[in-house]
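Below, each chain spelled out in residue letters.
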Amino acid sequence: MTNTMWGGRFASSPSEIMEEINASIDFDKRLWRHDIEASKAHVAMLGATGIVTPSDAAKITKGLDQILVEIEGGTFKFSRALEDIHLNVENRLKEIVGPVAGKLHTARSRNDQVATDFRLYVRDEIGVIEAGLAQLQLALATQALEHAATIMPGFTHLQTAQPVTFGHHCLAYVEMFARDRGRFADAAKRLNECPLGSAALAGTSFPIDRRHTAKALRFDRPTANSLDSVSDRDFALETLAAASIAAMHLSRLSEEIVLWTSPQFRFARLSDAFSTGSSIMPQKRNPDAAELVRAKTGRIAGAFQALLMVMKGLPLAYAKDMQEDKEPVFDALDALKLGLSALTGMVSDLVVNAKAMKKAAGSEFSTATDLADWLVRNLAIPFREAHHITGAIVALAEKKGLDLKKLPLSDLQGAEPRITADVFGVLDPASSAKSRTSLGGTAPSNVRREAKRWIKRLEKDGVSR
């Protein structure tokens, strides 16, 4: 049996393997709500312009509403023989309202139909993801306020560098996720043009009103070029690019949680809610949630690369290759949403071991830069010379197995005779962090101010704890 939607040109049905490779209903059925929404906007426009009669438009709209109820209620039967969500809906519409259903496709092609549905879907997903990012920011800012003065080692090359506060560390990720929200907002702004009415590729001779459908679907405007309208998937690529960067940020934070909760660090602990055990080692507490978020970055970045490769060699306008656009987007955005929820839970759940952090912050001569700054500030020594003097003092401390603040004053004066006992006031990690009051610095006063600013901003945006 030929497909009744396009079978007039064909005398026989496709082979089983053709049906298998051609059908997309197994994955694109998730676009059902967007497909019905776009169809209702289209038929309303057809009725308003007189292309179909008001009574026919009303019948079609009523039928679409019934299909909406059926799908929501789980009674709608999807058919692989009908290829995709568009033909499944149209076929059921014909069963409900009869031949008048065929008028719905006037001045429309599946090319502009799917482009519209897909944009509506991606736009909705961006809204969910942006809200998830804001929720994660709030969890981090809340931890930052609580731990504005909790001292921890700051690292470069994963080697102890200078004392910072845990709150400052959390706020670094707040800034990262703010940039992610900005990227998604930019993508949403650019995608918010309506392809509907571009038809297959050349537009239509019917007197349609594309501004009518664009407004009904909450787009800013119709797309300007019919060829571009049906062949563009930049909106999906941009969204996947933003998702890839956001996933990379999730992965970095997840890696830190893995490190912090390890016995070697003991900086923090996750509750049973976000930990798992071992099938053989009873003592184990594994940060599996963080590891899985970290791993999903590969799937998300891979989806971006996959779609990029689908699109790279396609001439204008539409090609069936573009049916491969949806699965990577669906999978990547699902993975990102799950990762956001999991990481928000972990950040909120995280219990900080302030004692272990403070101890680590005082190791490995972390206040050496403070010593060099003291020499510059108090003895007017050029920084390069102060750096050299401090290096010699560190070498001596390492040889004696002592922290800088435990070295006798006489040892310090052996490197620079003008050093006084006042220097010990800057060699404490907490004092070091407190002194970093420059804009963007780790001083607890800065952290409290920034954390409060972010919490106020996020709560104003409607994010709740």
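Quick note: structure is the one above.
Calculation notes
Residues numbered from 1 in each chain as written. Predicted model: local features only at pLDDT ≥ 70, side-chain atom pairs only at ≥ 80, totals over all residues. Heavy atoms only, no water. Patch = residues over 30% accessible without salt bridge, like charges linked within 9 Å, V, L, I, M, F, W, Y side chains within 5 Å. Areas by Shrake-Rupley, 256 points an atom, 1.4 Å probe, with all protein chains shown as cover. Salt bridge = Lys/Arg side-chain N within 4 Å of Asp/Glu carboxyl O. Helix = DSSP H or I, 4+ residues; strand = E, 2+ residues; numbered from the N terminus. Buried < 20%, exposed > 50% of the residue type's maximum accessible area, 1.4 Å probe, protein only. Axes fitted to C-alpha atoms, helices over the stretch in contact; angles between N-to-C directions. Left-handed = near helix turned anticlockwise from the far one by under 90°. Contact = heavy atoms within 4.5 Å. Nonpolar A, V, L, I, M, F, W, Y, C, P; charged D, E, K, R; others polar. Phe/Tyr/Trp six-rings, centres within 6.5 Å; stacked < 30°, edge-to-face > 60°. Lys NZ or Arg CZ within 6 Å of the ring centre and 35° of its normal.

Nonpolar side chains collect at one region of the surface, where Ile17, Met18 and Ile21 lie side by side and expose about 340 Å² of accessible area between them. As for its position among the elements, methionine 18 is in helix H1 (residues 16-22). Overall, the relative accessible area of 40% leaves methionine 18 in the partly exposed class.

Here the focus is the packing of helix H4 (residues 54-73) against helix H5 (residues 85-97). Packing of H4 against H5 leaves a shortest axis separation of 9 Å and a crossing angle of 115°. Of the two elements, H4 crosses H5, and the hand of that crossing is right-handed. Residues Lys59, Ile60, Gly63, Leu64, Gln66, Ile67 and Glu70 of H4 lie in contact with H5, whose contacting residues are Val89, Arg92, Leu93, Ile96 and Val97. Of the residues contributing to the contact of H4 with H5, the split by class is seven nonpolar, two polar and three charged.

If you walk through the whole model with that rule in mind, you get nine aromatic pairs. Considering the side-chain rings of phenylalanine 118 and phenylalanine 330, the 6.4 Å spacing of their centres and the 85° angle between planes classify their relative orientation as edge-to-face. Here the residue phenylalanine 118 occupies a position in helix H6 (residues 110-146), and phenylalanine 330 occupies one in helix H12 (residues 326-349), the gap between them amounting to 212 residues. Just as phenylalanine 118 is buried, phenylalanine 330 falls in that class too. Here the aromatic residues Phe118, Tyr121, Phe235 and Phe330 are joined through ring pairs into a cluster of three or more. For the cation-ring pair, arginine 30 lies above phenylalanine 330, with the distance from its terminal atom to the ring centre recorded as 4.5 Å. In this structure, lysine 326 is placed above the aromatic ring of phenylalanine 118, and the distance from its NZ or CZ to the ring centre is 5.6 Å.

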